[in-house]
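Fold and contact review
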Amino acid sequence: MTKRTQLKLATVNGTELIKIEQVVKTFSNAAGEFTALRGIDLTLNRGEFVAIIGKSGSGKSTLLNMLTGIDHPTAGKVLVDGIDIYAQSESKRSLWRGRNLGIVFQFFQLLPMLNLLENVMLPMDYVGMYDVDERPKRAMELLRMVGLEEQAQKLPRAASTGQQQSAAIARALSTDAPIIVADEPTGNLDSRSANHIIDLFTELSERGKTIVMVTHDSTMTQRTSRTVVISDGQLVNETIAQALPLLSQPLMKELSNKAEKINFAPNETIIRSKDPVQKFFMIISGKVDVVLHGRGKDDLTVSQLERNDFFGEIELMRGGKSVASVRAAEDTPVELLAISREDFYWLMGESPLTEKAIGNIVQKRLDEQKQADRRKRKRLFG
Ligand code: ADP
Ligand code: MG
């Protein structure tokens, strides 16, 4: 019975698993209404190890509660493996959650009258997984994995905060659930223990589990396969977060609202040389070739840009017409995110750090173009 309702793994790595559609969450209480999530769209794939980052109060925990089915969205849908989780009854959803999700809560939520070993065994009892005699052994193995074998008999209040957090992580793994959802799981750990937990999560994701981890520690994101930034209840466009990492999170969010998507077919021209450039472009997917048309007859491809690279900045920063043409590469279509010239100037005014970083790239690219042009002329004229 447990087999039937647990999700299939590994064989379908990389395919869509969790789909959050237009989720809004408004809290109402005596003080009035507060909208913590303002229309979230997010798709997570099997086997991904995703970090959700954002400032305190930005809506990270609220978002996790939406995808675990712990709290209802005010509007929108959450689909997990094609199942609309809020279309199920509360009792069905709770059993479904037990089998398919391992959850590490921000404040652990260990049961105070059970020792750490018993706390880890609890989810196995709840969903009826593993033989009764096997459960203590399995729980002990998990405690060993998080470095707590010596503390197994301790009650939570006798354990340190870090030990309680590690026990909560062991508990989340106890039913071998295909999805692990963790709210600041390393927040109370020293850096060595934190790294150990991230190693563990990495290994689990390589074996096909999907891991969603909230953290406010942006250095953690170097170790995950994907980072999602949330700011004031809105997701930041992931291309913007990667292409312009020096922007503040509120600026990233504002820019996400100003940007528009544009598609190009393979080989299609995006910017014609000598035309004025009206937009700043970032690459969502596909590749583009930057081509110089010199005095010689042949075109010269000076560089190929890919996902999260940007272009158009040379002309926008220096004024004037395009020095090169830019076109979609031959083999795949290109999806771009564009912002208008006015919004680009607004952005540079708001973020001097980004302006400086882009200025450096302009210089580097112009040098590269000059060198490429020189090499080409040398070839042509000896
Ligand atoms: P984060 O986890 O990013 O720190 P949360 O998701 O916990 O943020 O909270 C986002 C916002 O929603 C905060 O302003 C918080 O005060 C508010 N909020 C969260 N839960 C409730 C609730 N039950 N009632 C009212 N407001 C809430
Ligand atoms: Mg939180």
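Quantities reported herein were computed from a predicted structural model and do not represent experimental measurements.

Considering the pattern of salt bridges
Inspection of the entire model under this criterion finds 17 salt bridges. In this structure, the salt-bridge partner of Arg226 is Glu238, at a minimum N-O distance of 2.8 Å. Of the two residues, Arg226 is situated in strand E9 (residues 226-231) and Glu238 in helix H8 (residues 238-243); the sequence distance between them amounts to 12 residues. We classify Arg226 as buried; its relative accessible area is 16%. In this structure, Lys261 and Glu335 form a salt bridge, with 4.0 Å as the shortest nitrogen-oxygen distance. Taken as a pair, Lys261 in strand E11 (residues 260-264) and Glu335 in strand E18 (residues 334-340) lie far apart in primary sequence, 74 residues in all. Under the relative-accessibility criterion, Glu335 is labelled partly exposed at 22%.

A few points about the packing of aromatic side chains
The geometry of an aromatic ring pair is captured by the separation of the ring centres together with the interplanar angle, meaning the angle of the planes. By the definition in use, this model includes 5 aromatic pairs. Measuring from ring centre to ring centre gives 4.9 Å for Phe280 and Phe344, while their planes differ by 35 degrees; the resulting arrangement is tilted. Placement of the pair is Phe280 in strand E13 (residues 279-285) and Phe344 in helix H11 (residues 341-350), with a sequence separation of 64 residues. The buried category is assigned to Phe280, whose relative accessible area is 0%. The class for Phe344 is buried, based on a relative accessible area of 0%. Geometrically, the ring pair formed by Phe344 and Tyr345 is edge-to-face, given 6.0 Å between the ring centres and 65 degrees between the ring planes. Given the relative accessible area of 37%, Tyr345 is considered partly exposed. Within the aromatic cluster, the residues linked to one another by ring pairs are Phe280, Phe310, Phe344 and Tyr345. When the ring centre of Trp346 is taken as reference, the NZ or CZ atom of Lys258 above it lies at 4.4 Å.

Analysis parameters
Residues numbered from 1 in each chain as written. Chains lettered and ligands numbered in written order. Predicted model: local features only at pLDDT ≥ 70, side-chain atom pairs only at ≥ 80, totals over all residues. Heavy atoms only, no water. Salt bridge = Lys/Arg side-chain N within 4 Å of Asp/Glu carboxyl O. Helix = DSSP H or I, 4+ residues; strand = E, 2+ residues; numbered from the N terminus. Buried < 20%, exposed > 50% of the residue type's maximum accessible area, 1.4 Å probe, protein only. Phe/Tyr/Trp six-rings, centres within 6.5 Å; stacked < 30°, edge-to-face > 60°. Lys NZ or Arg CZ within 6 Å of the ring centre and 35° of its normal.

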